[in-house]
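Residues per chain, in single letters:
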Amino acid sequence: MPKRAGKIGKLLAWLAAAAVLQAGVYLYLDRVLLAPASPFQVGAVTGKEDIVTTGKVYYSRDRRYMAHVKNDQVEIYSMKDKKLVRTVDLEEKRVSYFKWLEDRDLALMGLYHDGAAQTEVTLTQLFPEPGIHEVATTIKELPKGSRITDVAYSVATNVIYIQVKTASNIYRIYRTDANHNLARIYLNTNNIGRIAVLFDQDTLIYDDLTHNTVNMREGNGRWRVISPPNGRYRLVGVDHDNNIYIAKLNEEGLSESIYRGRLQVGFFHQRDLRAPVDARELTLSDVMG
């Protein structure tokens, strides 16, 4: 009996230790790894450092999934049961851009690999569950240190504009379409802030940071300034009705008011902000309400 009691005691102790360990893992997932984080913005969207910070987490549109970007891999968790559903090994590549789409459980991920003299960048689709075909676009022979910093896409036209920033702070824009044709798009400036695209038209909207204007470029290559003639402006975003939201800057270079407009119509004053704010911190959801 004493031996049997001793075995039962060891078994109970082992089960208790296992329960404590399991609870600790669950608590880590719930309170640390899967804890809510601030909304994700990167690159030219915020104007801050263009490289995704290792260890950051990014939530899908309805918070069904969470992506944990690490130095050598990306882990995707299901928020419903706090379960790791996919691990993507990056090998020699690193992440410079990550964003979940607003209308589906699909992310766009910008990768880069620095060679001896040049850099190769790739924009790839990333589904939360494995086994689904994912399309990737690779841009080769870029200046060393180049990174994908912003992406503008239209689910209606399947056109994607990719913003690449070089190590010398020169911005380039590349375009790919439904047939996966890749081409560099030349603009009137290489000092570009945010980019956006109309929902159902192949029209790029972008910041010209040199002249403090918001411009448009049509698919045929024609471009023009669309922001009002007086003042300095920054692009905030474009909604699904092709309404364009821009911010007017004050003398200190901070956003003080929001204007809404459409092509061929013009812009009108929508509202003043409660307090001046850095335009790079404004998001579309901030100004649409």
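Residues numbered from 1 in each chain as written. Predicted model: local features only at pLDDT ≥ 70, side-chain atom pairs only at ≥ 80, totals over all residues. Heavy atoms only, no water.

Section: the overall build of the chain
Line of reasoning, step 1. Check the secondary structure of the chain and you find two helices and 20 strands.
Line of reasoning, step 2. When burial is assessed residue by residue, the chain has 45% of its 289 residues classed as buried.
Line of reasoning, step 3. For the chain, the share of sequence-separated contacts (at least 6 apart) that also reach a separation of at least 24 residues comes to 36%.
Line of reasoning, step 4. Carbon and sulfur atoms make up 51% of the accessible area of the chain, which amounts to about 15600 Å² in all. (Helix = DSSP H or I, 4+ residues; strand = E, 2+ residues; numbered from the N terminus. Buried < 20%, exposed > 50% of the residue type's maximum accessible area, 1.4 Å probe, protein only. Contact = heavy atoms within 4.5 Å. Areas by Shrake-Rupley, 256 points an atom, 1.4 Å probe, with all protein chains shown as cover.)

Some thoughts on the pattern of salt bridges
Line of reasoning, step 1. According to the stated counting rule, one finds 10 salt bridges in the structure shown.
Line of reasoning, step 2. Across the pair Glu218 and Arg222 runs a salt bridge, and its minimum N-O distance is 3.1 Å.
Line of reasoning, step 3. For Glu218, a relative accessible area of 23% translates into the label partly exposed.
Line of reasoning, step 4. Among the residues examined, Arg222 registers a relative accessible area of 56% and is labelled exposed.
Line of reasoning, step 5. Among the charged side chains, a salt-bridge network with shared partners connects Arg61, Arg64 and Asp105. (Salt bridge = Lys/Arg side-chain N within 4 Å of Asp/Glu carboxyl O.)

Looking at the sheet that holds strand 16 (residues 223-225)
Line of reasoning, step 1. Reading across the sheet, the four strands line up as 13-14-15-16 and stay open at both edges, with antiparallel pairing between neighbours. At either end of the open sheet lies a strand with only one pairing partner, and these are strand 13 (192-197) and strand 16. Averaged over all pairs of adjacent strands, the angle between strand axes in this sheet comes to 25 degrees, irrespective of strand direction.
Line of reasoning, step 2. Relative to strand 16, strand 15 (residues 213-218) runs antiparallel, the two being bridged by three bridges. In the strand pairing of strand 16, Met216 is matched with Arg224. (Pairing = 2+ DSSP bridges. Axes fitted to C-alpha atoms, helices over the stretch in contact; angles between N-to-C directions.)

Focus on the sheet that holds strand 9 (residues 147-154)
Line of reasoning, step 1. Spatially, four strands are ordered 9-10-11-12 in an open sheet, and the strand pairing comes out antiparallel. Across the chains shown, the open sheet's two edge strands, defined by having one partner strand only, are strand 9 and strand 12 (182-185). Neighbouring strand axes in the sheet, compared pairwise and without regard to direction, differ in orientation by 25 degrees on average.

Some words on a negative patch on the surface
Line of reasoning, step 1. On the surface, Asp72, Asp89, Glu91 and Glu92 cluster together to form a negatively charged patch.
Line of reasoning, step 2. For Asp89, a relative accessible area of 55% puts it in the exposed group. (Patch = residues over 30% accessible without salt bridge, like charges linked within 9 Å, V, L, I, M, F, W, Y side chains within 5 Å. Lys, Arg positive; Asp, Glu negative; His and termini not counted. Charge placed at Lys NZ, Arg CZ, Asp CG, Glu CD.)

As for the layout of surface pockets
Space left empty within the atom packing is revealed by a probe, the size of a water molecule, rolled over the atoms.
Line of reasoning, step 1. What the second largest pocket holds in volume is close to 360 Å³.
Line of reasoning, step 2. Lining of the second largest pocket is provided by 19 residues; of these, Leu106, Leu108, Gln125, Asn158 and Ile160 occupy positions nearest its centre.
Line of reasoning, step 3. Elements represented by at least two residues in the lining of the second largest pocket include exactly strand 7 (118-126), strand 8 (136-143) and strand 9.
Line of reasoning, step 4. Tallying contributions element by element places strand 7 first for the lining of the second largest pocket, with three residues.
Line of reasoning, step 5. Residues belonging to the lining of the second largest pocket are distributed by class as follows: 10 nonpolar, seven polar and two charged. (1 Å grid on protein atoms, 1.4 Å probe; cavity = no way out; pocket = protein on both sides within 12 Å on 5 of 7 lines; lining within 4 Å. Points joined across faces, edges and corners; volume = space filled by probe spheres on them. Nonpolar A, V, L, I, M, F, W, Y, C, P; charged D, E, K, R; others polar.)

Section: unusual backbone geometry
Line of reasoning, step 1. One non-glycine residue, Asn158, lies in the positive phi region at around 60 degrees.
Line of reasoning, step 2. In this structure Asn158 comes out as partly exposed when scored by relative accessible area, which is 44%.

As for the environment of Met288
Line of reasoning, step 1. The residue Met288 is located in helix 2 (residues 284-288) in this model.
Line of reasoning, step 2. Placed 18 residues apart in sequence, Met288 and Gln270 show a C-alpha to C-alpha distance of 9.6 Å.
Line of reasoning, step 3. Filtering out sequence-adjacent residues up to four positions away, Met288 remains in contact with Asp239 and Tyr245.

What about the confidence of the model for the chain?
Line of reasoning, step 1. On average, residues of the chain score 85 in pLDDT, and 81% of them reach the 70 mark or higher.
Line of reasoning, step 2. Looking at the elements of the chain, mean pLDDT is at its lowest for helix 1 (residues 2-33), recorded as 50, and at its highest for strand 18 (residues 244-249), recorded as 98.
Line of reasoning, step 3. In the model, residues 18-51 has pLDDT below 50 throughout and makes 61 contacts with residues more than four positions away in sequence or in other chains. (pLDDT = per-residue confidence, 0-100.)

A few points about the pairing of strand 4 (residues 83-89)
Line of reasoning, step 1. Where strand 3 (residues 73-78) meets strand 4, six bridges bridge the pair, whose relative direction is antiparallel. Following the sheet pairing, Val74 is matched in strand 4 by Val88.
Line of reasoning, step 2. The hairpin formed by strand 3 and strand 4 contains four residues between the paired strands, and Lys82 there has a positive phi angle of roughly 50 degrees.

Examining the pairing of strand 14 (residues 203-208)
Line of reasoning, step 1. Taken across its six residues, strand 14 has six buried, putting it largely inside the fold.
Line of reasoning, step 2. Here strand 14 shows no split at all, with Thr203, Ile205 and Asp207 on one side and Leu204, Tyr206 and Asp208 on the other all buried.
Line of reasoning, step 3. With four bridges joining them, strand 13 and strand 14 adopt antiparallel strand pairing. Residue pairing across strands places Val197 opposite Leu204, the latter belonging to strand 14.

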